[in-house]
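# Structural overview for review
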Amino acid sequence: MEMKLELVGVPVTDVDRAKEFYERAGFVLDHDHTVSEEVRFVQMTPPGSACSIAFGRGLTQMTPGSLDNLQMVIADADSCRAELLDRGVEVSDVDDQPWGRFVYFSDPDGNGWALQQLPEWSAGAGGDGVQPLA
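Quick summary incoming for the structure in this document. (Residues numbered from 1 in each chain as written. Predicted model: local features only at pLDDT ≥ 70, side-chain atom pairs only at ≥ 80, totals over all residues. Heavy atoms only, no water.)

## Notes on helix α1 (residues 15-24)
The cut-off we apply is this: Each residue is assigned to one of three classes by its accessible area relative to the maximum for its type, calculated with a 1.4 Å probe on protein chains only: buried under 20%, partly exposed between the two thresholds, exposed over 50%. Strands here mean DSSP runs of E at least two residues long; helices mean DSSP runs of H or I at least four residues long; both are numbered from the N terminus. Directions are taken from the helix axis to each C-beta atom, and the arc is the one they span. Between two residues, a contact is recorded if the distance between any of their heavy atoms is within 4.5 Å. Under the rule applied, a polar contact is a pair of N or O atoms within 3.5 Å (in protein, one hydrogen donor and one hydrogen acceptor; residues adjacent in sequence only if both atoms are side-chain atoms).
Those residues of α1 lying buried are V15, A18, K19, F21 and Y22. Along the long axis of α1, the arc covered by the buried residues comes to 165°, so they all point the same way. Looking at the buried positions of α1, the neighbouring elements they touch are β2 (28-34), β3 (40-45), β4 (52-57), β7 (100-106) and β8 (112-117). Put simply, D14 is the residue that caps the front of α1, since its side-chain oxygen is 3.1 Å from the backbone nitrogen of D16. Trailing α1 by a residue or two, G26 shows a phi angle of about 100°, which is positive.

## Focus: the nonpolar core
For the record, the criterion: By nonpolar core we mean a set of buried residues, namely Ala, Val, Leu, Ile, Met, Phe, Trp, Tyr and Cys, connected to one another through side-chain atoms within 4.5 Å.
Core analysis: the largest hydrophobic core is formed by 25 residues, its most contacted members being Y22 and F55. Where this core is concerned, the elements lending two or more residues are α1, β3, β4, β5 (70-74), α2 (77-86), β7 and β8. Here F55 is in contact with V10, V12, V15, A18, K19, Y22, R40, F41, V42 and M44, once residues within four sequence places are set aside.

## Re the side chain of D109
Within the secondary structure, D109 sits in the loop between β7 and β8. Among the polar contacts listed, one links the side chain of D109 to the side chain of T13, at a separation of 2.7 Å. A polar side-chain atom of D109 sits 3.0 Å from a polar atom in the side chain of R17. Setting aside its immediate chain neighbours within four residues, D109 contacts P11, V12, T13, D14, R17, P64 and G65.

## Looking at the state of the cysteines
Selection criterion: Cysteine sulfur atoms that pair up within 2.5 Å are treated as a disulfide.
Counted under the stated rule, the structure contains 0 disulfides. The thiol of C51 is not disulfide-bonded; the next cysteine sulfur, from C80, is found 17 Å away.

## Concerning the packing of aromatic side chains
Selection criterion: Only Phe, Tyr and Trp rings are paired, with Trp represented by its six-membered ring, and only when their centres lie within 6.5 Å; those with planes under 30 degrees apart are stacked, over 60 edge-to-face, the remainder tilted.
Across all of its chains, the model carries 8 aromatic pairs by this definition. An angle of 70° between the planes, with centres 6.1 Å apart, marks the rings of Y22 and W113 as edge-to-face. Taken together, the positions of Y22 in helix α1 and W113 in strand β8 put the pair 91 residues apart, joining distant regions of the chain. Put simply, the rings of F21, Y22, F27, F55, F105 and W113 touch in pairs and so form one group of aromatic residues.

## Comments concerning the sheet that holds β4
Counted only if it meets this: Two strands make a pair as long as DSSP finds a minimum of two bridges between them. The convention used is that axes are lines fitted to C-alpha atoms, helices contributing only their stretch in contact, and that angles between N-to-C directions extend from 0 to 180 degrees.
Ordered in space as β1-β4-β3-β2, the 4 strands form an open sheet in which the pairing is mixed. Single-partner strands in this sheet number two, and they are β1 (7-9) and β2. Between one strand axis and the next, the sheet turns by 20° as a mean value, whatever way the strands run. With 5 bridges joining them, β3 and β4 adopt antiparallel strand pairing. By the bridge assignment, V42 is partnered in β4 with F55.

Structure (structure tokens):
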């Protein structure tokens, strides 16, 4: 069996504010459809990702800002941080951990994102998947 995660709902309070924020962060607008007064569907995709996010009106009962663990893999934490800062996104300093280098940001509602640069030994980064002994 094969399954692909292709869409994650992100709860927001202000659809236009969220759309502007994610565009500023570099996400690509795929859809923005007002279906009715109760339903608006916005889909955006992070650059290079096969998975998109969706937000809008009438899409979820989750509390806006309740997602605090969205994570994407990036090639270079320093350059990604610099680009987000240049785009006007508030972003953390680079957090160096044994399992990767991380940069964190939140959307205007507080939905939290972690951007992880995999360590060289990680299979996802082309390594053998075995962490060297310290």
